[in-house]
Amino acid sequence: MSTQHSRAAARLLVAPSVVLLFLWMIVPLAMTVWFSFLRFNLLMPGTREWIGFLNYEFFLTDPAFFAAVANTLAIVLGVLAITIVGGILFALLLDQPFFGQGAVRLLMIAPFFVMPTVSALVWKNMFMNPVNGLFAWLQKSVGMAPHDWLATTPLLAVIVIVAWQWLPFSTLILLTALQSLDEEQREAAELDGAGALARFRYIVLPHLSRAITVVILIQTIFLLSVFAEILVTTNGGPGTDSTNLAYLVYAQALLQFDVGGASAGGIVAVVLANIVAFFLMRMIGRTLEG
Amino acid sequence: MARRTTLPRKLGVTALAWGIGFLVFFPILWTVLTSFKTEAEAVASPPSFLAFHWTLENYAEVQERSDYFRHFLNSVVISLGSTVIGLVIAVPAAWAMAFQPAKRTKDLLMWMLSTKMMPPVGVLVPIYLIFRDLGLLDTRLGLTIILTLIDLPIIIWMLYTYFKEIPGEILEAARMDGADLWNEIVHVLTPMAVPGIASTLLLNVILAWNEAFWTLNLTAAKAAPLTAFIASYSSPEGLFYAKLSAASTMAIAPILILGWFSQKQLVRGLTFGAVK
Amino acid sequence: MGSIVLEKVEKTFGEVTVIPPIDLEIGDGEFTVFVGPSGCGKSTLLRLIAGLEDVSAGRVLIDGRDATDLAPAKRGLSMVFQSYALYPHMSVRANIAFPLKMAGMTAHEIDAKVTAAAATLNLTDYLDRKPKQLSGGQRQRVAIGRAIVRQPSAFLFDEPLSNLDAALRVQMRLEISELHHQLGTTMIYVTHDQVEAMTMADKIVVLNKGRIAQVGSPLDLYRRPDNLFVAGFIGSPKMNFVTGPVAAAHGAHTIGVRPEHLAISADGGDWPGTVGVAERLGSDTFLHVDAGDLGTLTVRAGGDVGFRHGDRVGLTPDPAAIHRFDDKGMAIR
C-alpha cells in the first residue's frame, strides 16, 4: 500500500485538519499570554500598558484562586469517585440476566443526553429547592428540616448534578467492557476455587482497568471545565464556595471585564490542565499499550 | 454469566435493576410530568405524580413568550452545521491516517487529542474579543466555527478508529480487481465507511447540541441555541416550574431520542474504539 | 500466457533489507509455491509480483513484458488473500462480478461468466448471499471465483488456507490443485506449511530470511536438500541431525537422516538408545528414541511395531540415505 505518490497525497489530506487545529491551539493561546502581561480592562478603553507579572501576582495571591483550585479538584475527584464506584456496581448489576435489559439500559443512559443547563436547572429548582423541591418534601414528610443545598452545600450540589450526568456514561462503558470478559476465564477462576469476591478482584477488575482508564481520561477532560452547571445554579457562590477555575476566569473576564487578569487566570488554568494531562497521558499510555 | 440462574434470583435482579434505572431516569420523568401540570400543581405539596389536571398550555406559552422554535432552529443549524463541516475536513485526514499511516501518525493523533485538553477558559478572552471585533458574537456562523474547531479532534479520532477497522486487504483486492482510485472510493470504500461516518455524525450532533460553554458565552438573544435559551430560565422564570419543565422537555426530547437510537455506537465512538 | 521473471528484485524499508536481490523464473502454467517460516519474506515477494509493494531495485517481467512500474490492476494477475478480502457489502454474485465490471464488460457477459464460475466452484446456491452468511470454505471459494473470472495470466495465493480448519484445508488443497489442472494457468502460492508445498507444487521456492534457500521440485528438495535449512524444513517429521565424531566419521560436520531411513531393532544396531514417547498413527509409528550423545532421534516404523516406552533398542541408518553437510550448513555431494 505504500507507494510514493500515495504518501504525498496522504499528507495533503491531513494538512487542513492539522493547520486548523494548530491555528486553534496557537493563535488564541498566544493572545492570552500577551494579554496576561497587560493592564487591559474593557471598561477602561485605551489603557493597554505592559505590567509584567502583576496580573499573575494578583490572580495567584487572590484567596479566590486557591478556593477555585480546591473546588476544581473536588469536582473532578468527587465526580470521578461517584461515577466509577457507582458505574462498576451498576454495571455488575446490569450484567446479570434479568427481564427488560434493553429497557433498563435506555433508562440508565438517558441523563447523558440531557444538556447541562437543563439538568442543572431541573435539579436546582425541582429537587434541591428548600421550599418547593422534592428533596425538601421528602425530608419534611419524615419530619426533618429541609436541607438548603445551594446555600449550605453548594459544591456538593454541583457534584451531585454533574455526577448524575456522567454516571450513565461510566456505567455504559464499564458494562460494555464487562460483557467482553471471556466467560472461560471466569469459569477457570471458579474451578481454581476463587469465590465471587476473589473473582471480582483478580479477574473482573483487571479486565475493567482499560475501560476505567478511558472513563477517567474522558471525564477528566470535561470535568476540569465544568461551567454551565455552576453558572445556572450557584453562580459560583455563596462567596467562592462553588467557584471553580473555569468559572473564576469567566467571572474575571465577562463580569468584571478585566481582560488582563482573566488572561493570567486562563494561562494558569492551561498550565494546571497540562500538569493533569501529563500524568493522565502517561497513565493512559501505559494502560492502552498493554 | 448466563448459566445457573434461578428464577427467584432473576426476579430479584430484575426488581433491583428496574428500581435503579427508574431512580436514575426519575429527574427526566419528573420534568416531563411537571411540564403537563399547571403552575400551582407543579409546586403542590405533597406532589402529585399522575393524578393532576393534564394541560398543554405550558408548551404553548413557552413558544409564545420566548420563541422556542427560533432557538431550536439555532441548535439544529449550529450542531448539524459544525458536525458536517467537521466531517468534511476530518474524513480525508482520518482516511489518510488510517490507510497511509506514517511513522508520526500515532503522535499526530495524540497531539490532536491533546488539543482537547486545553481548557476553554484559556482562550475565552481572545476568542471573545476576536468575535466582538469581527461581529461574530451572537451569530450562528461564529458558534458553528467554534464548535467545528473543538469537535474536530474527536471527529477525526472517531473516524480514524472506524476506518482502521476496514481491512487493508480489501482495498488491495479492489486494486487487483482492476479498480482505479475513483472506483475504489465509489464501490468499495464508501459503502464500507458510511456506517462509521453516520455514527460519528450522530454522536457529534449530540455532543454539539449539548455544548454549554461557548454557547453560553458567545451568544445572547439572537443566535442562542437551546442550551443558552434554557439558561435564561435560571431566574426568575425558573420559579415557574411547569414552564421550565415544558421548555426543558422540548430542549432534550429530540436529542434524547437520537441518543437512544445511537446508544449501540455510543460506547465504541466515545471511547475511540478502546472499549467495545 | 503466464511466465513471470524476477531480475535482481530487491526490497528495502529504509535501512532494513527485507529481500536481498533475488533472481527467479516461473514458467508458464507452473504451480509454484513460496514456502518458509513466518517473516522469511515470502508474502512480501508475492506482493512485489502483484504490484502491491514497490520494488526497491530490479525488474519484474510478466510474459516478457516489464511490469515493474505497472499498477497492480494492469498486470493481468489476480490474487486470493489470506483474509479472503471479500467485499462485505456485496452479494457473492457482485463480489465475483466486480473485476469484470471494472473491466467494463457488458451485463450479459458478466452474468454468463459469473454463472459459469459459480458452477465450477459449487456456489450456485449462494450467489445472492452476503459473505457474512457463508462458511469459511465457501468464502474461500468466492475469493477464488473472483480471481478466476477475469482469466488472469497468473493467480497469486497468499496463505489462502490458513484460516480454515484442518479437514477443510485438506479438501481445499485438493480443489485448488484440481483447478490448476483444469485451467492450466500459472499459480504462485505462498504458505508456511511444508505439507501444502509438497502436495501442491510443481516447483517449490524455499525462502529463509529473504533469501532463496533452494528451488526445485518437491521430491528434489526432499531427496537432495542443498543445505541444513531446507533439509530441516522439508519433510515431516523433521530430519534427524547428528554432529560430532559420528558425523566426522562420515567426513561431514553434520549428518542428516530422515526418520524413515533409520532401522530399529531390539538388539545390535549402530546407535543404541532408549525409546521415549511412541506416537501411533495406525499406519505408522513415530518413535522418539533417546540416543545418548546423539540426542533424541525420531524413527518412523510400521504401525504395529511392538516397542514401548523405556525399551532398549538399536538404530541403524541407511548408508545410502545419509545427507552430509559442512560446517557452513551446505550439502556435501
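Conventions used here
- Along each chain, the written sequence defines residue order, and numbers are assigned to residues from 1.
- Both sets of labels track the order of writing: A upward for chains, 1 upward for ligands.
- Restriction of local features to residues with pLDDT of at least 70 applies here, the model being predicted, together with a cutoff of 80 or more for giving and counting side-chain atom pairs; totals for whole chains, interfaces and linings are based on all residues.
- Neither water nor hydrogens contribute to the side-chain values; these are computed over all heavy atoms in the structure.
- What counts as a helix is a DSSP run of H or I of at least four residues, what counts as a strand is a run of E of at least two, and both are numbered from the N terminus.
- For a compact globule the rule gives 2.2 Å times the number of residues to the power 0.38, and the radius of gyration it is set against comes from C-alpha atoms.
- Between buried and exposed lies partly exposed: a residue is buried under 20% and exposed over 50% of the maximum accessible area for its type, with that area taken using a 1.4 Å probe on protein chains only.
- Here, residues are in contact when the closest pair of their heavy atoms is within 4.5 Å.
- Only the protein chains shown count as covering a residue, and every accessible area follows the Shrake-Rupley method with a 1.4 Å probe.
- All tallies of charge rest on Lys and Arg as positive and Asp and Glu as negative; His and the ends of each chain are not included.
- The atoms used to mark charge sites are NZ of Lys, CZ of Arg, CG of Asp and CD of Glu.
- Lining residues are those with an atom within 4 Å of a point, where the points come from a 1 Å grid over the protein atoms alone and group into cavities, where a 1.4 Å probe fits but cannot get out, or pockets, open sets with protein on both sides within 12 Å along at least five of seven lines.
- Grid points are joined across faces, edges and corners, and a volume is the space filled by probe spheres set on the points.
- When we speak of the arc, we mean the arc of directions from the helix axis to the C-beta atoms.
- Pairing between two strands is assigned when DSSP locates at least 2 bridges connecting them.
- Looking down the strands as they point away from the viewer, one classifies a crossover as right-handed if the path from the first strand across the helix to the second runs clockwise.
- Simply put, an axis is a line fit to the C-alpha atoms, just over the touching stretch for a helix, and the angle between two N-to-C directions goes from 0 to 180 degrees.
- Within 6.5 Å between ring centres, the rings of Phe, Tyr and Trp (the latter by its six-membered ring) count as paired, and their orientation is classed by plane angle as stacked under 30 degrees, edge-to-face over 60, tilted in between.
- Lysine and arginine charges are scored as sitting over a ring when NZ or CZ, respectively, is within 6 Å of the ring centre and within 35 degrees of the ring normal.
- Per-residue confidence from the predictor is given as pLDDT, running between 0 and 100.
- Throughout this description, the term salt bridge denotes a Lys or Arg side-chain nitrogen within 4 Å of a carboxyl oxygen of Asp or Glu.
- Pairs of N or O atoms are called polar contacts if they sit within 3.5 Å, as long as, within protein, a hydrogen donor faces a hydrogen acceptor (for residues adjacent in sequence, only side-chain-to-side-chain pairs).
- Only residues whose relative accessible area exceeds 30% and that form no salt bridge enter a patch; like-charged residues are grouped when within 9 Å of one another, and nonpolar side chains (Val, Leu, Ile, Met, Phe, Trp, Tyr) when within 5 Å.
- Expected helix span is given by 1.5 Å per residue-to-residue step, counting one fewer step than there are residues.
- To get the bend at a given residue, fit one axis to the seven residues ending there, fit another to the seven starting there, and take the angle between those axes.
- Nonpolar core, defined: a set of buried Ala, Val, Leu, Ile, Met, Phe, Trp, Tyr and Cys residues in which side-chain atoms within 4.5 Å join the residues together.

What chain A contains, in helices and strands, is 13 helices and two strands. Radius of gyration (C-alpha) of chain A: 24 Å, far over the 19 Å computed for a compact globule of 290 residues. Seen along its three principal axes, the alpha-carbon backbone of chain A occupies a region of about 75 × 75 × 30 Å. Evaluated residue by residue, chain A yields a buried proportion of 55% over its 290 residues.

This part is about the overall build of chain B. On a plain count of helices and strands, chain B comes out with twelve helices and zero strands. Helices (α) and strands (β) of chain B occur, in sequence order from the N terminus, as α-α-α-α-α-α-α-α-α-α-α-α. In terms of overall dimensions, chain B has C-alpha extents of about 75 × 70 × 35 Å along its principal axes. A burial count over chain B gives 60% of its 276 residues as buried. In chain B, once contacts between residues fewer than 6 apart in sequence are set aside, the share between residues at least 24 apart is 75%. When the accessible surface of chain B is split by element, carbon and sulfur atoms take 71% of a total near 11000 Å². In chain B, the 20 positive side-chain charges and the 18 negative ones have mean positions that sit 11 Å from each other.

So, on to empty space enclosed by the protein. On inspection of all chains with the given rule, the structure shows seven cavities of 30 Å³ or more. The computed volume of the largest cavity comes to approximately 790 Å³. Together, 38 residues line the largest cavity, and Trp 166 and Phe 222 of chain A together with Asn 210, Glu 211 and Ala 212 of chain B are the ones closest to its centre. Broken down by secondary-structure element, the contributors of at least two residues to the lining of the largest cavity are α8 (154-179), α10 (196-223) and α11 (228-233) of chain A together with α7 (140-164) and α9 (181-209) of chain B.

The periodicity of an α-helix, 3.6 residues per turn, causes residues three or four positions apart to be oriented the same way. Residue and element names in this part refer to chain B. Inspection of helix α3 (residues 57-66) places Asn 58, Tyr 59 and Val 62 among the buried residues, and these make up the whole buried set. One side of α3 carries all its buried residues, which in axial view fall inside an arc of 105°. α3 presents Glu 64 and Arg 65 as exposed residues on the side facing more than 90 degrees away from its buried surface. Lining the buried residues of α3 we find α1 (7-35), α2 (39-42), α4 (68-99), α11 (226-231) and α12 (241-270).

Turning to the pairing of strand β7 (residues 154-158) of chain C, a few remarks are in order. All names here are of chain C. Within β7, five of the five residues are buried, leaving the element largely enclosed by the surrounding structure. Note that strand β6 (residues 77-80) and β7 share four bridges and pair parallel. Counted as the bridge partner of Ser 78 is Phe 155 from β7. Following the chain from β7 across helix α5 (residues 166-183) to the adjacent parallel strand β8 (residues 186-191), one finds a crossover that is right-handed.

This paragraph deals with the sheet that holds strand β10 (residues 211-216) of chain C. All names here are of chain C. Here we have six strands laid out as an open sheet, ordered β6-β7-β8-β3-β9-β10, and mixed in their pairing. Strands at the two margins of the open sheet, each flanked by one partner only, are β6 and β10. Strand after strand, the sheet turns through a mean of 20° between neighbouring axes, direction not considered. Bridge analysis of strand β9 (residues 203-208) against β10 gives five bridges, and the strand direction is antiparallel. By the bridge assignment, Val 206 is partnered in β10 with Gln 214.

With that settled, the discussion passes to the sheet that holds strand β4 (residues 57-62) of chain C. Two pairing modes exist for strands in a sheet, parallel and antiparallel, and in both the strands are linked by backbone hydrogen bonds. All names here are of chain C. The four strands are arranged β2-β1-β4-β5 in an open sheet whose pairing can be described as antiparallel. At either end of the open sheet lies a strand with only one pairing partner, and these are β2 (16-26) and β5 (65-66). By the bridge criterion, five bridges tie strand β1 (residues 4-13) to β4 in an arrangement that is antiparallel. Paired with Ile 4 across the bridge in β4 is Ile 62. Sheet strands in contact with helix α1 (residues 42-50) are β1, β2 and β4, and its direction is about 115° off that of β1.

So, on to the packing of aromatic side chains. What the rule picks out here adds up to 45 aromatic pairs over all chains. On the numbers, 5.7 Å between centres and 65° between planes, the contact of Trp 123 of chain A with Trp 164 of chain A is edge-to-face. Of this pair, Trp 123 of chain A sits in helix α5 (residues 116-127) while Trp 164 of chain A sits in helix α8; the two residues are 41 residues apart in sequence, bridging distant segments of the chain. The same class applies to Trp 123 of chain A and to Trp 164 of chain A, which are both buried. Grouped by ring-pair contacts, the aromatic residues Trp 123, Phe 127, Phe 135, Trp 149 and Trp 164 of chain A together with Phe 22, Phe 26 and Trp 30 of chain B constitute a single cluster. In this arrangement the basic side chain of Arg 201 of chain A is found over the ring face of Tyr 202 of chain A, its NZ or CZ atom lying 4.8 Å from the centre.

Moving on, we get to the confidence of the model for chain B. Mean pLDDT over chain B: 86, with 97% of residues reaching 70 or higher. Scored as a whole, the predicted complex attains pTM 0.80, and scored at its interfaces, ipTM 0.88.

Attention shifts here to the interface of chain A and chain B. Tallying the contact residues gives 94 residues for chain A and 101 residues for chain B. At the boundary of chain A and chain B, one finds zero salt bridges. Our enumeration of links across chain A and chain B arrives at eleven residue pairs in polar contact (both at pLDDT 80 or more). Top element by residues in the side of chain A that touches chain B is helix α1 (residues 4-36) of chain A. It accounts for 18 residues.

All names here are of chain A. Within the secondary structure layout, Arg 201 lies in helix α10. Owing to a relative accessible area of 46%, Arg 201 belongs among the partly exposed residues under this scheme. Measuring from C-alpha to C-alpha, the distance between Arg 201 and Leu 254 comes to 49 Å, with 53 residues separating the pair along the chain.

Here the structure, examined in full by the defined rule, presents 22 salt bridges over all chains. Asp 128 of chain C serves as the salt-bridge partner of Arg 93 of chain C, at 3.6 Å between the closest nitrogen and oxygen. Of this pair, Arg 93 of chain C sits in helix α2 (residues 92-102) while Asp 128 of chain C sits in the loop between α3 (107-120) and α4 (136-148), placing them 35 residues apart in sequence. One salt bridge connects Glu 175 of chain C with Arg 141 of chain C, and the closest N-O pair in it is separated by 3.1 Å. You can see Glu 175 of chain C sitting in helix α5 and its partner Arg 141 of chain C sitting in helix α4, a full 34 residues away along the chain. Residue classification places Glu 175 of chain C among the partly exposed residues on the basis of a relative accessible area of 27%. One connected set of salt bridges, linked through shared partners, spans Glu 39, Glu 61, Arg 65 and Lys 243 of chain B.

Here the focus is a nonpolar patch on the surface. A surface patch of nonpolar side chains, amounting to about 420 Å² of accessible area, comprises Val 19, Phe 22, Leu 23, Ile 26 and Val 27 of chain A. As for its position among the elements, Phe 22 of chain A is in helix α1.

Attention shifts here to the pairing of strand β16 (residues 296-302) of chain C. Residue and element names in this part refer to chain C. Note: strand β15 (residues 284-290) against β16, seven bridges, orientation antiparallel. Bridge pairing in β16 places Thr 285 opposite Ala 301. In this antiparallel pair of consecutive strands, β15 and β16, the connection spans five residues, and Gly 292 shows a positive phi of 60°.

Residues and elements named next belong to chain A. Mapped onto the fold, Thr 213 is located in helix α10. Overall, the relative accessible area of 7% leaves Thr 213 in the buried class. The sequence separation of Thr 213 and Leu 280 amounts to 67 residues, and the corresponding C-alpha distance is 8.9 Å.

A separate point is α9 of chain B. Between its first and last C-alpha atoms α9 of chain B spans 36 Å; for 29 residues at 1.5 Å apiece the expected length is 42 Å, and the helix comes up short by more than 12%. Of all the bends in α9 of chain B, the greatest, near 50°, is centred on Leu 189 of chain B, and the proline Pro 191 of chain B appears no more than four residues after it.

Once that is clear, we can look at the nonpolar core. Residues Trp 24 of chain A, Phe 163 and Trp 214 of chain B together with Ile 4, Leu 6, Phe 34 and Leu 156 of chain C are the most contacted members of the largest nonpolar core, which totals 231 residues. Other than its neighbours up to four places away in sequence, Leu 6 of chain C contacts Ile 22, Asp 23, Leu 24, Leu 45, Ile 49, Arg 59 and Val 60 of chain C. One finds Val 80, Ile 144, Val 149 and Ile 204 of chain C within the second-largest nonpolar core, a separate group that totals 43 residues.

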